[in-house]
Amino acid sequence: ILNSSQIDGEYLQKTITLAKRFYDPTKRFMGYDYVKYDEMQYTIYGFIRQGETEMAANCIQATLRDVTEAGMLGEEYRGAMTKDAEGNDYESVFCQGVRPSMFGAELIIDNVWLLNGYYYHEGGINAISLFEGNGGLQGIVLNNQTYNVSVSNNTVQVNGNDYDLEYGKVFSVEISFS
């Protein structure tokens, strides 16, 4: 819902407040009970759309960390308290539902792309700066044309052309589909 253009005003503010109530960067999957691809990615895109870029960046990092720790590509992920070999409590991650599943792979791919500054959600060639440093993707093919995207803090380079990139804002390259 955070990513919808159809809510605004009081309803949008209440939705953001609800999302923040569960958000906890010290917990697995940022405090959300479970993670599935569409819910997490639309939450991340919604945080970006609403200007909550730090929350989006933390969700990206937590998702990559926790899905990878689960050790399996699956439909759904949860955190759970368990004990290590010495009897100490710790929170682990496990996968449930359909497994193996492309949803787990999509969580990793989409978030690695976001980590590297490539914003796929809107289609076309888009870039976003949520992390310091360099990133990008090479060899993206759309309409039989190959695109190379490099992101460095406040600059995006697409096929050798430099553009200004504002932190936390999506930058789109016009593409001709003739």
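So, a few notes on the structure that sits alongside this text. (Residues numbered from 1 in each chain as written. Predicted model: local features only at pLDDT ≥ 70, side-chain atom pairs only at ≥ 80, totals over all residues. Heavy atoms only, no water.)

Attention shifts here to the environment of valine 158. Note on placement: valine 158 falls in strand β7 (residues 155-158). By relative accessible area, valine 158 is classed as buried at 4%. With residues near it in sequence (within four places) discarded, valine 158 still touches Ile125, Tyr147, Asn148, Val149, Tyr163 and Val173. (Helix = DSSP H or I, 4+ residues; strand = E, 2+ residues; numbered from the N terminus. Buried < 20%, exposed > 50% of the residue type's maximum accessible area, 1.4 Å probe, protein only. Contact = heavy atoms within 4.5 Å.)

Here we take up the side chain of threonine 63. Checked against the element boundaries, threonine 63 lands in helix α3 (residues 53-70). Beyond its immediate stretch of four places on either side in the chain, threonine 63 contacts Phe29, Met40, Thr68, Leu107 and Asn111.

What follows concerns the pairing of strand β5 (residues 134-142). Inspection of the sheet shows β5 paired to strand β6 (residues 145-152) by 7 bridges, in the antiparallel sense. Counterpart to leucine 142 in the pairing with β6 is glutamine 145. In this antiparallel pair of consecutive strands, β5 and β6, the connection spans 2 residues, and asparagine 143 shows a positive phi of 50°. (Pairing = 2+ DSSP bridges.)

Now for the nonpolar core. Residues Ile44 and Phe47 are the most contacted members of the largest nonpolar core, which totals 31 residues. Secondary structure elements with two or more residues in this core: α1 (9-22), α2 (37-49), α3, β3 (89-96) and α4 (102-115). It is α3 that provides the largest number of residues to this core, a total of 8 residues. If we ignore the near neighbours within four places in the chain, the residues touching isoleucine 44 are Ala56, Cys59, Ile60, Asn111 and Leu114. The next biggest cluster of nonpolar side chains, apart from the first, holds 13 residues, and it includes Tyr118, Ile125, Ile140 and Val149. (Core = buried A, V, L, I, M, F, W, Y, C linked by side-chain atoms within 4.5 Å.)

Further remarks concern the sheet that holds strand β1 (residues 34-36). Spatial strand order, β1-β2-β3: 3 strands in an open sheet with antiparallel pairing. Only two strands of the sheet have a single partner each, and these edge strands are β1 and β3. With strand direction ignored, the average angle separating the axes of adjacent strands in the sheet is 30°. Pairing of strand β2 (residues 76-83) with β3 involves 8 bridges; the strand directions are antiparallel. Residue pairing across strands places methionine 81 opposite glutamate 91, the latter belonging to β3. Where α3 meets the sheet, it contacts β2 and β3, and its direction lies at approximately 80° from that of β3. (Axes fitted to C-alpha atoms, helices over the stretch in contact; angles between N-to-C directions.)

Once that is clear, we can look at the pattern of salt bridges. Under the counting rule described, the total for this entry stands at 8 salt bridges. Among the salt bridges present, the one from glutamate 52 reaches lysine 20, with a minimum N-O distance of 3.2 Å. Of this pair, glutamate 52 sits in the loop between α2 and α3 while lysine 20 sits in helix α1, and the two are 32 residues apart along the sequence. Because the salt bridges share partners, they merge into one network encompassing Arg28, Arg65, Asp66 and Glu69. (Salt bridge = Lys/Arg side-chain N within 4 Å of Asp/Glu carboxyl O.)

Moving on, we get to the sheet that holds β7. The sheet built from 4 strands is open, its strands ordered β5-β6-β7-β8 with antiparallel pairing. Only two strands of the sheet have a single neighbouring strand rather than two, namely β5 and β8 (161-164). Each strand axis lies, on average, 20° off the axis of its neighbour in the sheet, ignoring direction.

Another aspect to go through is the side chain of serine 129. Its location among the elements puts serine 129 in the loop between β4 (125-127) and β5. Look past the residues within four positions of serine 129 in its chain and what remains in contact with it is Asn153, Leu165, Tyr167 and Gly168.

Contact geometry of α3 with α4 gives a least axis separation of 9 Å together with a crossing angle of 140°. Looking at the two axes, α3 sits oblique to α4. Classified by chirality, the crossing of α4 by α3 is left-handed. Seen from α3, the contacting residues are Ile60, Thr63, Leu64, Val67 and Thr68; seen from α4, they are Gly104, Leu107, Ile108, Asn111, Val112, Leu114 and Leu115. (Parallel < 35°, antiparallel > 145°, perpendicular 65-115°, else oblique. Left-handed = near helix turned anticlockwise from the far one by under 90°.)

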